[in-house]
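# Observations on the model geometry
Here are the chains, one letter per residue:
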Amino acid sequence: MNINNLVSSSHQSIKIVPSTEDTLKKLGLNVNLDDNVRIWWYQLQMTWQTWKISSTVDNHFVALYNFEEPYRVALVCVIKCQEFKDCKPKTLPYYIIESLQKWGEMNNQIPNDSLKLPAFHIAKMQRNQQFLNMMVQTYNIKTIKDKILPLVKDIIKNDNCKQGSQIVSALELYDDIPIEDLLFPLILQDKINIVDEYLSDSPSQVRPLLTFLDSLLDKKINIREYVQKFLEDHTVYNIKYDKLHHKPLGKFVARLCSKYNVAVATCTNLSKNRTSGGLRYLIYQKYVEHNVSDSVWDDLVKDSLSRTEGCAEEFINILCDYDHIEALKWAKFFNISETCLPSFLRNLSIQETSVDEENWDDNDDDPSDLYYKLPIDSIIMVDTAEKFHETLSSIIGCNVVSIDCEWKPSFGAVQSQVALIQIATLTNVYLFDTLIFNGKQYTSLWNIFNKSFLDNDEIIKLGFGLEQDLKEIKASVNGLNNIKIKGEGLLDLALLWKNLVDCGLCLPKSNDVEGKGLSSLVQICFGVPLKKSEQCSNWELRPLRQTQIYYAALDAYVLLEVYNYLQNLCQEQNINFEEMCNEVMLDKKPKKTKTVKLETTACSYTKPSKCLRLLIEAELSYLMGYLRYCGIDTIVINTSMAWHDAIGLALSEERNILTSKLKLSCTSKYPQSAILSLDKGTVKDQLQRILTTFHVIITPEDILTRCLYCNGVELRNVGYSELEDLNKNVQIPGNFSIHNTNMYHNDYDDQIDDFFSDSDDNETYIGPPPVPTNFSQNRKCVTNKGALIDLSHFSKILSYFQTKQNEHILLCESCGKFYWKEEETIKNIHLLITQFINSNM
C-alpha cells in the first residue's frame, strides 16, 4: 500500500506510531517464543477461556517456571493478551504477573536487568494502578530509577500528570519530582479526585503540598500572575480559571487539613485569612446590622487578634472606614506602631491624649419591647454532676422539649467546641456547661444523657438547624460522639416551617418579614424578632454574663413557643400538624399545593392505600399479591438490576422500596427513610410494618381494585349473562369442552402460590399457562383492551355463578384474569386483609 495515497495535500503529514512489539524490541526485549512456549501459551489461553482463575489454570501455568526465561516469556505473553491495555484483577495478564510475583518471592528469583525497562514501558501503558504497582514490584523496576526519572518528567511535562502521579507513587519518586510540578497542574484543572488518590497512596506528601498551597494564600501574592509564570515552564491545558482565587483555594486547603487530620494552625496564611474574614464579618454585624453588643465585640476582637499574628494592622485599616475612634482604641490596645497606621489616624492620635473609656462599656439603648421576651424566670445552670442527674430526671418525663447549643465563632485556625447546651421545658430552661463536663471522667454521664434523652424517640426534641447543632455536639463533646443527628424524635422547626408553607399554611405576617432564620420566624409568629446581640459571643469565657445567659435561655425556650403557635395555627387551617411533624422527622418530602389561593388542603395522618407506591425486591415478591389486593401499586425489582438503578427507578416513579436486608440509599436525593427493611417474620407481621411505617390505612373500598397479576387497575364486573355468552363463543375442536379445560390447567392452583414468590422482572406479565395449540378462541374471547381472556378456571366460575347469580366476578381488562370470591388464593388473602380492616374500623 502506498502511504502517499492517504495524504490529500502536500502540506499534510502522517505520524507512524510503532507497534508495542516494535517499541519493546528497541528496548532490547526478545518478543519471539519458541515452539514449546507457543504450544503452552495457546493451551493456557484455551484453558483460561473455560476455567478462568482456578486450580486447572494454576496447574497448567506451573510449566512457565520450567522455561529458560520465565520473566521474559511472561512479558511477551502479557502483550499478546486481548486485555493488554486494561489489565484488571480478573484478566489473564493480571493473573500472569500476579502468579509470577508470588513464584519469584517464594523462590528468591529476580528478573534480568535488561527486562526492567521493557517491563516499565508495559506497566505505564495500563490504566490500572494495581497492575502498575505489581509490575514495579515483580520486575524490581525501582533499581533503574535513573533511567525512569527522565521519562516520568517528560510525561508530566506533556500534561499527563495523572499518569505521572501514579508512576511517582508506584516508584516512590517523591523526593525527585517537586510536588508543585506534579499536583499543581491537576489542581488548576480541578482534578481533585486524582490529587486525593495520590495523597491517599502517599500521605507523606500531604504536608509538602499544604505548605506550597498555603504560600499561595499570602495576600501579597497574585495567584493569576503566579499561574501565568508557572505556565511558561509547564504545559497545562483546560485550566479552570474560576478556581484561581484565594477563597476557593483556601477552601481546598482547609478540606485537605480536615481530611488528613492536619491542624489548620500549621497553615499560617490560611489561618490569617480566616481570621481577617471573620473580623470583616464582625465589623459588618456591628456597624451595618447592629447585631453585636459592645461586650461581645470586645471579647471577640481580643480573642481573635491575640490568637493570630499579623491581623491587627489589617483589622485597624478596615475599621477606619467605619469608626476612627474605635480603630485608634484597638491600635493602642495592641501597641501598633504609629508608622504602621494610616496618616489620618496618626494625626488623630497626636491630637487625642486619651481614649474615651466609655467606648469600652456596653451601651445598649434598645427598648426591650422591640424584641421577644423570655416568659419564664427559671433558668438553671447545670455545672455539677448532682445537678446533671437531677436535670436529666426532669427532662425525660416531658413529651416535647427544645434543644440548642452555643459555641464561640471560629474566625481563626482553632475549631471551637460546644460551650453550652440549652434544654428547655415549659417551666424551666437548663444550661449545661459542657466546658466543665467535657472531661473523660464525665463520659458515663453523657452516655446516660444520650440513651435516656437524645436517643429516646418518645421525647420530641425541637431545634432550629438541629442537624448542624447535633453535628457540633457530636464532634466536640466526649461521650456523645455516636449520637444520631436526625430521625424520629428530632424535629427541626426550620424544615417544618418550610414544609408547612409548601403545604399551604398561611402565616399572617410572613409578607412583612425577610430572612429564613429563627429571629425571622419569631417575628412572623409574634410580631417582634429576637435580640441577637449576643449571638457571636465568646461562649468559652467564664463566668458568663447575664446577657449571655438570658440570650441562651431565650434561644431555646422560644422554640417551644413557636412549636405551639404553629400547632394551633394548623388546627385553625385544617392542616394535620402531627403528620407534617412526622414527615419532617422521617425526611419525607411533602407535595406542594398547586392552588394559588390562600385556602389550605386538608391532610390526614393516615393515607389511603392507593397513595402508596412500592418497589420490592424479588425475595419479597410473595407479598406482592397481598399488597396489590389492598390497592397498593407494587412492582418487583428486576433481579439483574443494580441497586443504584433501582434507586433511580424509585426516584423517578416516586416509589418507596421494600428490601429483605438493610440497604443504604446511594444518593442524597433519595432519603433512607423511604427504604424499609423487612426482617424475617410472618406475612401478617410484615404487612403490619409496611402499613405502620408508611401511615397507610386499608378500607373495604380499596380491596381488589388492582390486578394481582399485571398490577392494572381496569377491573370490571362481569355478570352471569356475559359469562354465558362467553361460553358460547368458545370454539373447541372435536370433543373438547370448555368444562374440561382443567385437563391442562389442573396444576394452576398450585402455580399461583409460586407466582407470589417469584419476580415479575421488568414488569413482564406472568399470566396463566398458555392455551394448547389445538385450542382456539374467536375474537369475542378477548377483553375490551384486546387481552386474551384466561379460561383456565371457567368451569369453576360458571358453577359458582349458577348458585350465586347475584354475586359479581371481576375481569382484568389488561390481562384477562378472572377474580371471584371463592377462588382459593383470593379467599386466603381476603381472610388476612380483613383482619387489618377490622382493626382500623
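Reading guide: rules and limits
Along each chain, numbering runs from 1 in the same order as the chain's sequence is written. Where totals are concerned, whole chains, interfaces and linings use all residues; where local detail is concerned, this predicted model gives features only for residues with pLDDT of at least 70, and gives and counts side-chain atom pairs only at 80 or more. Hydrogens and waters are ignored; side-chain quantities use all the structure's heavy atoms. Criterion used throughout: strands pair if DSSP finds at least two bridges between them. Segments assigned H or I by DSSP are reported as helices when at least four residues long, segments assigned E as strands when at least two residues long, and all are numbered from the N terminus. Exposed residues in this analysis have more than 50% of their type's maximum accessible area, buried residues have under 20%, and partly exposed residues fall in between, with area computed by a 1.4 Å probe over protein chains only. Residue contacts are counted whenever heavy atoms from the two residues lie within 4.5 Å of one another. Counting of polar contacts relies on pairs of N or O atoms within 3.5 Å, with two restrictions inside protein: one atom must be capable of donating a hydrogen and the other of accepting it, and residues adjacent in sequence are counted only when both atoms are side-chain atoms. Each axis is a line fitted through C-alpha atoms, taken for helices only over the stretch in contact, and angles between the N-to-C directions span 0 to 180 degrees. In summary, the pairing rule links any two rings of Phe, Tyr or Trp, Trp by its six-membered ring, whose centres are within 6.5 Å, and it sorts them by plane angle into stacked for under 30 degrees, edge-to-face for over 60 and tilted for everything else. Nonpolar cores are built from buried Ala, Val, Leu, Ile, Met, Phe, Trp, Tyr and Cys residues. Side-chain atoms within 4.5 Å join them into one set. For this document, the term salt bridge refers to a Lys or Arg side-chain nitrogen within 4 Å of an Asp or Glu carboxyl oxygen.

- Named according to an unreviewed UniProt entry, the protein is 3'-5' exonuclease domain-containing protein originating from Pieris macdunnoughi.

### Notes on the sheet that holds strand 13 (residues 715-718)
- With respect to topology, three strands assemble into an open sheet ordered 13-16-17, the strand pairing being antiparallel. This sheet does not close on itself; its edge strands, each paired only once, are strand 13 and strand 17 (818-819).
- In terms of strand pairing, strand 16 (residues 809-812) meets strand 17 through two bridges, oriented antiparallel. Bridge pairing links Leu 811 to Phe 818 in strand 17.

### Considering the environment of Lys 219
- Looking at the secondary structure, you find Lys 219 in the loop between helix 12 (206-216) and helix 13 (223-233).
- On the basis of relative accessibility, which here comes to 48%, the residue Lys 219 falls in the partly exposed class.
- When near neighbours in sequence (up to four residues on either side) are disregarded, Lys 219 contacts His 246, Asn 273 and Glu 314.

### Remarks on unusual backbone geometry
- Here Arg 542 and Pro 543 are connected by a cis peptide whose omega angle stands at 0°.
- Following the sequence through the fold, Pro 543 ends up in the loop between helix 24 (518-526) and helix 25 (546-572).
- The backbone of Asn 574 shows a phi angle near 60°, a positive value even though the residue is not glycine.
- One can find Asn 574 in the loop between helix 25 and helix 26 (577-585).
- Even without being a glycine, Asn 711 presents a positive backbone phi close to 70°.
- In this structure Asn 711 comes out as buried when scored by relative accessible area, which is 9%.

### Section: helix 9 (residues 161-171)
- When you tally the buried positions in helix 9, you get ten out of eleven residues, the bulk of the element.
- Inspection of helix 9 places Cys 161, Gln 163, Gly 164, Ser 165, Gln 166, Ile 167, Val 168, Ser 169, Ala 170 and Leu 171 among the buried residues, and these make up the whole buried set.
- For helix 9, the secondary structure elements touched by its buried residues are helix 6 (116-124), helix 7 (129-138), helix 8 (145-157), helix 10 (179-188) and helix 11 (192-201).
- Directly beyond the C-terminal end of helix 9, a positive phi value near 55° is found at Glu 172.

### Focus on the environment of Asp 433
- As for its position among the elements, Asp 433 is in strand 4 (residues 429-433).
- With 107 residues separating them along the chain, Asp 433 and Glu 540 place their C-alpha atoms 9.7 Å apart.
- Apart from residues lying up to four places away in sequence, Asp 433 is in contact with Met 381, Val 382, Ala 419, Leu 420 and Arg 542.
- A polar contact is formed between the side chain of Asp 433 and the side chain of Arg 542, at a distance of 2.9 Å.

### Side note on the sheet that holds strand 9 (residues 633-636)
- Taken in spatial order, the four strands of this open sheet run 9-8-10-11, and their pairing is parallel. Edge positions in the sheet fall to strand 9 and strand 11 (675-677), since each has one partner strand and no second. The sheet shows a mean angle of 25° between the axes of neighbouring strands, direction not considered.
- Of the strand pairs in this sheet, strand 8 (residues 613-616) and strand 10 (residues 656-659) are connected by three bridges, and their pairing is parallel. The partner of Ile 616 across the bridge, within strand 10, is Leu 658.
- Where helix 28 (residues 643-653) meets the sheet, its contacts fall on strand 8, strand 9, strand 10 and strand 11, and the angle it forms with strand 10 comes to roughly 145°.

### Comments concerning helix 24
- Burial of helix 24 is extensive: seven of the nine residues sit out of reach of the surface.
- Residues Leu 518, Ser 519, Ser 520, Leu 521, Val 522, Ile 524 and Cys 525 constitute the buried set of helix 24.
- The secondary structure elements touched by the buried residues of helix 24 are helix 23 (493-502) and helix 25.
- One or two residues past the end of helix 24 sits Gly 527, with phi positive at roughly 90°.

### Concerning the packing of aromatic side chains
- In the structure shown here, the tally under the stated rule is 34 aromatic pairs.
- Centre to centre, the rings of Tyr 287 and Trp 297 are 5.9 Å apart; their planes meet at 90°, and the pair counts as edge-to-face. Pair noted here: Tyr 287 is in helix 15 (residues 268-289) and Trp 297 is in helix 16 (residues 294-307), with a separation of ten residues, a long-range link. Each member of the pair Tyr 287 and Trp 297 is classed as buried.
- Taken together, a centroid distance of 5.2 Å and an interplanar angle of 85° make the contact between Trp 446 and Phe 449 edge-to-face. Of this pair, Trp 446 and Phe 449 both sit in helix 21 (residues 443-454), three residues apart, which is roughly one turn of that helix.
- Take Trp 446: its relative accessible area is 0%, and that puts it in the buried class.
- Members of the aromatic cluster, each reached through a chain of ring pairs, are Trp 40, Trp 48, Phe 61, Tyr 65, Phe 67, Tyr 71, Tyr 95, Trp 103 and Tyr 139.

### So, the nonpolar core
- Counting 95 residues, the largest nonpolar core has Trp 40, Ile 96, Tyr 139, Leu 209 and Leu 213 as its most contacted members.
- When residues in this core are grouped by element, the largest group, eight residues, is from helix 4 (residues 70-80).
- If near-sequence neighbours (up to four positions away) are discounted, Leu 209 is found in contact with Ile 179, Leu 183, Ile 187, Val 195, Leu 199 and Leu 256.
- Within the second largest apolar cluster, 49 residues are counted, among which are Ala 424, Phe 464, Ile 524 and Tyr 551.

### A word on the pattern of salt bridges
- Counted according to the given criterion, the structure contains 30 salt bridges.
- Between Asp 86 and Lys 88 there is a salt bridge, and its shortest N-O distance comes to 3.8 Å.
- For Lys 88, a relative accessible area of 46% puts it in the partly exposed group.
- One salt bridge connects Lys 259 with Asp 196, and the closest N-O pair in it is separated by 3.6 Å. Of the two residues, Lys 259 is situated in helix 14 (residues 246-259) and Asp 196 in helix 11; the sequence distance between them amounts to 63 residues.
- Three or more residues joined by partner-sharing salt bridges are found here, namely Arg 613, Asp 633, Glu 653, Arg 655 and Arg 706.

### Things to note about the side chain of Asn 576
- With respect to the helices and strands, the residue Asn 576 is situated in the loop between helix 25 and helix 26.
- One polar contact links the side chain of Asn 576 to the main-chain amide nitrogen of Glu 579, over a distance of 2.8 Å.

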